[in-house]
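# A look at the structure
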Amino acid sequence: QVQLVESGGGLVQPGGSLRLSCAASGSIFSIYDMGWYRQAPGKQRELVAAITSGGSTNYADSVKGRFTISRDNAKMTVYLQMNTLKPEDTAVYYCNVDVRTIVRGPRYNYWGQGTQVTVSS
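As a starting point, this report considers the structure included with it. Nothing here was measured: the structure is a model prediction, and the numbers come from that model. (Residues numbered from 1 in each chain as written. Predicted model: local features only at pLDDT ≥ 70, side-chain atom pairs only at ≥ 80, totals over all residues. Heavy atoms only, no water.)

Secondary structure assignment for the protein yields zero helices and 11 strands. When its helices and strands are written in sequence order, the protein yields β-β-β-β-β-β-β-β-β-β-β. Compactness check: the protein gives a C-alpha radius of gyration of 14 Å against a globular reference of 14 Å for 121 residues, within 12% of the reference. Summarising its shape, the C-alpha atoms of the protein cover approximately 50 × 25 × 25 Å along the three principal directions. The buried share of the protein, reckoned over its 121 residues, is 41%. Within the protein, contacts between residues at least 6 apart in sequence are counted, and of these 56% link residues at least 24 apart. Of the roughly 6400 Å² of accessible surface on the protein, 48% is carried by carbon and sulfur atoms. (Helix = DSSP H or I, 4+ residues; strand = E, 2+ residues; numbered from the N terminus. Rg over C-alpha atoms; globule rule 2.2 N^0.38 Å. Buried < 20%, exposed > 50% of the residue type's maximum accessible area, 1.4 Å probe, protein only. Contact = heavy atoms within 4.5 Å. Areas by Shrake-Rupley, 256 points an atom, 1.4 Å probe, with all protein chains shown as cover.)

In structure tokens form, the structure reads like this:
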């Protein structure tokens, strides 16, 4: 079993910053892709940013230049630094990880419970 614990969400004014964290724990042999998604009310869940085990990153056009994804493999944690936040960034943010629990076993995908980010004055 794999658990993902997210933290760092909250209320921030436009132009402000937040840093989200997502720590993985449990029966993990290796972690591959890690990412952050978000879902605003009435909208579909969308990819915000992703990072591979090798450190390659991918961002949604709407957050390029403002958000930075990073990971600490030793801590099995993925981060999302969010700067210059806008009201349209308001959403529930979910982390997502792709893991293998045993050597040469299948890869599984897990979601965090979500953390609310609200950008408002």
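This part takes up the pattern of salt bridges. In the structure shown here, the tally under the stated rule is five salt bridges. With a shortest N-O distance of 2.7 Å, R38 and E46 are connected by a salt bridge. Owing to a relative accessible area of 6%, R38 belongs among the buried residues under this scheme. A salt bridge links R38 to D89; the nearest nitrogen and oxygen atoms lie 3.0 Å apart. With R38 in strand 4 (residues 30-39) and D89 in the loop between strand 8 (77-82) and strand 9 (91-100), the pair connects residues that are 51 residues apart, well separated along the chain. Take D89: its relative accessible area is 0%, and that puts it in the buried class. (Salt bridge = Lys/Arg side-chain N within 4 Å of Asp/Glu carboxyl O.)

Even without glycine at this site, M76 takes up a positive phi of about 50°. With respect to the helices and strands, the residue M76 is situated in the loop between strand 7 (67-72) and strand 8. With relative accessibility at 24%, the residue M76 sits in the partly exposed group. Look at R104: it is not a glycine, yet its phi comes out positive at around 60°. Structurally, R104 can be placed in the loop between strand 9 and strand 10 (107-111). R104 gets classed as exposed once you look at its relative accessible area, which sits at 76%.

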